[in-house]
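Geometric and topological summary
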Amino acid sequence: MSPPDKTRFLALFRDHRAILYKVAFGYCRNREDRVDLVQEMAFQLWRSFRHYDSRVKFSTWAYRVAMNVAISHLRGESRRIRDTLPLDELAYEFAADDPLAEEAGDNMRVLRLLIDELDELNRALVLLYFEGHSAEEIAEIVGISPGNVTTRMNRVKNKLQRGFARLENPQEATL
Amino acid sequence: MSITLEELRYEWTDLSRRLDERLQLSAHLLRDDWIERQRERMWKVGPFGKFSIAVWIATIVLLNIFLATHADQPALFFTALILDMWVIATGITQVRQQQALRNLDFGLPLLELQARVEALRIARIRSFNFAFLTGQIVWWIPFVVVIAGACGSNLYMFPQFRIYAAWNIAGGIAFIPLAMWLSHRYGERLSRSSIMRQIADSIAGRDIAVAREVLEKLRRFGGETD
């Protein structure tokens, strides 16, 4: 990576690294795993930067990388791809920041339980929906058509809404 | 009254905003030398790293020296040739898979990248099965080559060894279907975490079946309906 690229990457990474925490929050419940996952995402972002096409928004690209790493992590492939990296100072730096988990209220915790029940691809849809992305943007990240995103999101939203009702009123849900 | 998803989205946005603020405060933690550390790590990556490649190349060089010096002894020559081809084939397969994993572009859309990862997983399982099962037939060959190369003794000169080798080939060939049958029959009873279980899943084709299921799931997800 040339010095200008390095500076550009660091600036972009600095501005967008919240994406890593948000995706890790959606894919990992355990704090240690989350720290490990964020570290892997950061590593892959840097590694894949040579493929980055600036015609695509950096945030779109960063979501793709972060979610691909998270899904691979869930399937146990990520370690094989990158092998085990020790948790060094970088991990410590990231471990110092786990604000989503620390500041999440009860509703967010319940939402997280419900997201945990979804498969990895539907989780991606939900996370992007909550981040305020349009169907077109979600389609670009996931690699499906906007119409497909809308159809699937409606299903997932219904599922989440029913899940919330179930968790708020467990007795009603069992009747 | 149940909370709506719109209200949850608002809460999420608020949490995201606080996260952004907090990360701004800790931006100094991201030092420039971070990139250098990532670069150093890249070269430590993978089970077939620099050391393995050095051992692999050294093995091929030694085997080819052996072939050149034993060209007048057909039994030893062809034995070493089989080993040489096996070492080259398994090594090239591993290097290519390692390269393919390294070159994965994580910036691709999720469905595309995940499909590539699963295809690589299937290829990896197949090459492991090939190496493991054929290894049962050729495992004794290195002894012949090493003893001939190091001590100058041709084990084929001993009738007992020829019988031993014949039995090993027959045993190795018989082991392949037996291992596949045992893995199908009893593999699932082994502990999930054990290496034996992983080998059994691989030989029995369960790992490939799982990877194919994932590919099918990705295909369905990409379709308009499922």
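Just above sits the structure.
What to know about the pattern of salt bridges
Within this structure, the stated rule accounts for ten salt bridges over all chains. Glu120 of chain A is the partner of Lys217 of chain B in a salt bridge, and the nearest nitrogen-oxygen pair spans 3.5 Å. You can see Lys217 of chain B sitting in helix α9 (residues 206–222) and its partner Glu120 of chain A sitting in helix α9 (residues 120–130), one on each of two chains. With a relative accessible area of 24%, Lys217 of chain B lands in the partly exposed category. Put simply, Arg220 of chain B and Glu216 of chain B hold a salt bridge, and the shortest N to O gap is 4.0 Å.

A few points about the packing of helix α5 (residues 110–138) of chain B against helix α7 (residues 159–186) of chain B
All names here are of chain B. As a packed pair, α5 and α7 sit with axes 7 Å apart at the nearest point and diverge in direction by 155°. Between α5 and α7, the interaxial angle falls into the category roughly antiparallel. From α5, Phe132, Leu133, Gln136 and Ile137 reach across to α7, where they touch Asn168, Ile169, Gly172, Ile173, Phe175, Ile176 and Ala179. Taken together, the residues of the contact of α5 with α7 sort by class into eight nonpolar, three polar and no charged.

Here we look at the packing of helix α2 (residues 18–27) of chain A against helix α4 (residues 58–74) of chain A
Residue and element names in this part refer to chain A. Contact geometry of α2 with α4 gives a least axis separation of 10 Å together with a crossing angle of 30°. Regarding the angle of α2 to α4, the classification is roughly parallel. Two packed elements cross with a definite hand, and for α2 against α4 that hand is right-handed. Seen from α2, the contacting residues are Ile19, Leu20, Lys22, Val23 and Tyr27; seen from α4, they are Ser59, Ala62, Tyr63, Ala66, Met67, Ala70, Ile71 and Leu74. Of the residues belonging to the contact of α2 with α4, the class tally is eleven nonpolar, one polar and one charged.

Here we look at the packing of aromatic side chains
Each aromatic ring pair is described using two quantities: the centre-to-centre distance and the angle formed by the ring planes. By the definition in use, this model includes 15 aromatic pairs over all chains. Ring centres of Phe77 of chain B and Phe78 of chain B lie 5.4 Å apart, and the angle between their planes is 90°; this geometry places the pair in the edge-to-face category. Through pairs of rings, three or more aromatic residues link up here, namely Phe9, Phe13, Phe49, Tyr52, Phe58 and Trp61 of chain A. Directly above the ring of Phe221 of chain B sits Arg152 of chain A, whose terminal nitrogen or CZ lies 4.3 Å from the centroid. Taking the ring centre of Tyr129 of chain A as reference, the NZ or CZ of Arg9 of chain B above it sits at 4.1 Å.

Things to note about the nonpolar core
Membership of the largest hydrophobic core comes to 74 residues, with the highest contact counts inside it found for Val23, Met41, Met67, Leu111, Phe130, Val142 and Leu160 of chain A. Sequence-distant contacts of Met41 of chain A, defined by excluding residues within four places in its chain, comprise Leu20, Val23, Ala24, Val65, Ala66, Val69 and Ala70 of chain A. Listed in part, the 19 residues of the second largest apolar core include Leu63, Leu67, Ala80 and Ala148 of chain B.

What counts, and at which threshold
- Residues numbered from 1 in each chain as written.
- Chains lettered and ligands numbered in written order.
- Predicted model: local features only at pLDDT ≥ 70, side-chain atom pairs only at ≥ 80, totals over all residues.
- Heavy atoms only, no water.
- Salt bridge = Lys/Arg side-chain N within 4 Å of Asp/Glu carboxyl O.
- Helix = DSSP H or I, 4+ residues; strand = E, 2+ residues; numbered from the N terminus.
- Buried < 20%, exposed > 50% of the residue type's maximum accessible area, 1.4 Å probe, protein only.
- Axes fitted to C-alpha atoms, helices over the stretch in contact; angles between N-to-C directions.
- Parallel < 35°, antiparallel > 145°, perpendicular 65-115°, else oblique.
- Contact = heavy atoms within 4.5 Å.
- Nonpolar A, V, L, I, M, F, W, Y, C, P; charged D, E, K, R; others polar.
- Left-handed = near helix turned anticlockwise from the far one by under 90°.
- Phe/Tyr/Trp six-rings, centres within 6.5 Å; stacked < 30°, edge-to-face > 60°.
- Lys NZ or Arg CZ within 6 Å of the ring centre and 35° of its normal.
- Core = buried A, V, L, I, M, F, W, Y, C linked by side-chain atoms within 4.5 Å.

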